[in-house]
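# Close look at the chain arrangement
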Amino acid sequence: MEIKVLGTGCAKCKTLEKNTRDAVAELGIDANVQKVEDIMEIMQYGVSRTPAVMIDNKVVVAGKSPSTEELKKLLTQNQ
């Protein structure tokens, strides 16, 4: 599974990255988590509101920072 956390480095973006990594670890999922901070790259994904999460090149969250529990639900739905 390829997961990208999109955000320019604000506090919410950093929280989302931590929550995403925690959710992956708690679920024991084999996933590559990458943080993308370059605004031009983020825009190429069609994301206009950050923070955002992409799972296997599909945007599943944009404009909010879900909890670890919410992310675990999203990750299990997208396995």
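Everything below is about the structure printed above this text.
Presented here is a report on the structure given in the accompanying data block. (Residues numbered from 1 in each chain as written. Predicted model: local features only at pLDDT ≥ 70, side-chain atom pairs only at ≥ 80, totals over all residues. Heavy atoms only, no water.)

## A few points about the nonpolar core
Formed by 13 residues in total, the largest nonpolar core has its most connected members in Ile3, Val24, Val53, Leu71 and Leu75. Those elements that place two or more of their residues in this core are strand S1 (2–6), helix H1 (11–27), strand S3 (52–55) and helix H3 (68–77). Not counting chain neighbours up to four residues away, the residues in contact with isoleucine 3 comprise Thr20, Val24, Ala31, Asn32, Val33, Gln34, Val53, Met54, Ile55 and Leu75. (Core = buried A, V, L, I, M, F, W, Y, C linked by side-chain atoms within 4.5 Å. Buried < 20%, exposed > 50% of the residue type's maximum accessible area, 1.4 Å probe, protein only. Helix = DSSP H or I, 4+ residues; strand = E, 2+ residues; numbered from the N terminus. Contact = heavy atoms within 4.5 Å.)

## Some words on unusual backbone geometry
Negative phi characterises most residues that are not glycine, and trans characterises most peptide bonds. The residue after threonine 50, namely proline 51, is reached through a cis peptide bond having omega 0°. Assignment of secondary structure puts proline 51 in the loop between helix H2 (39–44) and S3. Backbone geometry places aspartate 56, a non-glycine residue, at a positive phi of 50°. The partly exposed category is assigned to aspartate 56, whose relative accessible area is 41%.

## Let's talk about the pattern of salt bridges
Enumeration according to the criterion identifies five salt bridges in this entry. A salt bridge links glutamate 17 to arginine 21; the shortest N-O distance between them is 3.2 Å. Taken together, the residues glutamate 17 and arginine 21, both in helix H1 and four residues apart, mark about one turn of the helix. Owing to a relative accessible area of 38%, arginine 21 belongs among the partly exposed residues under this scheme. (Salt bridge = Lys/Arg side-chain N within 4 Å of Asp/Glu carboxyl O.)

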